[in-house]
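Here is how the chains run, residue by residue.
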Amino acid sequence: MHTRRRGSSGSDKPVADDPPEWSDVDADDIEERVVELAEQGHDPSVIGMKLRDEGVKGTPIPDVKLATGKKLTEILEEHDADGDLPEDLRNLMGRAIGLREHMAENPQDHQNKRALQNTEAKIRRLVDYYRGNALDEEFTYSYDVAVELLEE
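Residues numbered from 1 in each chain as written. Predicted model: local features only at pLDDT ≥ 70, side-chain atom pairs only at ≥ 80, totals over all residues. Heavy atoms only, no water.

### Focus on the overall build of the chain
Right, on to step 1. Per the secondary structure count, the chain includes seven helices and zero strands.
Right, on to step 2. If you list the helices and strands of the chain from N to C, you get α-α-α-α-α-α-α.
Right, on to step 3. Relative to the 2.2 N^0.38 estimate, which gives 15 Å for 152 residues, the radius of gyration of the chain is 19 Å and therefore markedly larger than a compact globule would have.
Right, on to step 4. Seen along its three principal axes, the alpha-carbon backbone of the chain occupies a region of about 55 × 35 × 30 Å.
Right, on to step 5. Relative to its full complement of 152 residues, the chain shows a buried share of 30%.
Right, on to step 6. Of the roughly 10700 Å² that the chain leaves accessible, carbon and sulfur atoms contribute 44%. (Helix = DSSP H or I, 4+ residues; strand = E, 2+ residues; numbered from the N terminus. Rg over C-alpha atoms; globule rule 2.2 N^0.38 Å. Buried < 20%, exposed > 50% of the residue type's maximum accessible area, 1.4 Å probe, protein only. Areas by Shrake-Rupley, 256 points an atom, 1.4 Å probe, with all protein chains shown as cover.)

### Considerations on the nonpolar core
Right, on to step 1. L89, M93, I123, V127, L135 and Y141 are the most contacted members of the largest nonpolar core, which totals 18 residues.
Right, on to step 2. Of all the secondary-structure elements, those providing two or more residues to this core are α5 (87–105), α6 (110–130) and α7 (143–151).
Right, on to step 3. Counting residues per element, this core draws most heavily on α5, which supplies seven residues.
Right, on to step 4. Those residues within four positions of I123 in sequence are excluded, and the remaining contacts are L89, L92, M93, A96 and Y141.
Right, on to step 5. Core analysis: the next-biggest nonpolar cluster, separate from the first, contains 14 residues, V25, I30, L37 and V64 among them. (Core = buried A, V, L, I, M, F, W, Y, C linked by side-chain atoms within 4.5 Å. Contact = heavy atoms within 4.5 Å.)

### Description of the environment of T68
Right, on to step 1. One can find T68 in helix α3 (residues 64–68).
Right, on to step 2. Apart from residues no more than four positions distant in its own chain, T68 is found in contact with A27, I30 and I75.
Right, on to step 3. Here V64 takes part through its backbone oxygen, which lies 2.8 Å from a polar atom of the side chain of T68. (Polar contact = N/O pair within 3.5 Å; in protein donor to acceptor, adjacent residues only side chain to side chain.)

### Digging into the packing of aromatic side chains
Right, on to step 1. Using the criterion set out here, one finds one aromatic pair in the structure.
Right, on to step 2. Here Y129 and Y130 contribute two aromatic rings whose centre-to-centre distance is 5.1 Å and whose plane-to-plane angle is 70°, an arrangement assigned as edge-to-face.
Right, on to step 3. Accessibility expressed as a relative area gives 60% for Y129, which makes it exposed. (Phe/Tyr/Trp six-rings, centres within 6.5 Å; stacked < 30°, edge-to-face > 60°.)

### Looking at the environment of G69
Right, on to step 1. Along the chain, the position of G69 falls in the loop between α3 and α4 (72–78).
Right, on to step 2. With relative accessibility at 55%, the residue G69 sits in the exposed group.
Right, on to step 3. Linking G69 and A27, residues 42 residues apart in sequence, is a C-alpha distance of 8.4 Å.

### Some remarks on a negative patch on the surface
Right, on to step 1. Side chains of E74, E77, D80 and D82 sit close together on the surface and give a patch of like negative charge.
Right, on to step 2. With respect to the helices and strands, the residue E74 is situated in helix α4.
Right, on to step 3. Using a relative accessible area of 36% as the deciding quantity, one classes E74 as partly exposed. (Patch = residues over 30% accessible without salt bridge, like charges linked within 9 Å, V, L, I, M, F, W, Y side chains within 5 Å. Salt bridge = Lys/Arg side-chain N within 4 Å of Asp/Glu carboxyl O. Lys, Arg positive; Asp, Glu negative; His and termini not counted. Charge placed at Lys NZ, Arg CZ, Asp CG, Glu CD.)

Structure representation (C-alpha cells):
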C-alpha cells in the first residue's frame, strides 16, 4: 500500500482435509500444550511454530486446525489465555514505539519519519477494524496509549 513495488506472491498451504497419519496426537493434548505455551507468555504465531518444530510428546503438529478442528486463537479464547490486544496490533505498536524513540534521537531521519507515519496509519486502520470486537468502542490510538498498553 505504501510502496511503489507490487505485491510478492508466496507459497500456498497444501490443500488437506485430514491431518497426516504420522501426526496422531490427541486434540486434548494439543489444547493443553497450546494453553501451557500461552501461559509461558508466547504469542500465537510462536506457539504455532513451537508446535510445528517441537510438537506434543515428540510428535510435530503441522496444522493445529486440522488436528483439533479449531484455530489456535479459538483455543486460546476458550481457555481465557489470549492477550488483551491482537498480535498484529501489538507488533505494530511496538514498532511504532521504537520508531518514535529513534526519531527523538535522530530528528533529521526523514526516511524513518515516513516509516513512522506509515506504521501509525496502519495501526489506525487496524484499530478501526478491531474496534467493538477485540477493542473497546472508545479506543483511539496514541503513542502514550501504546506505551501504556505494551508495558503491561
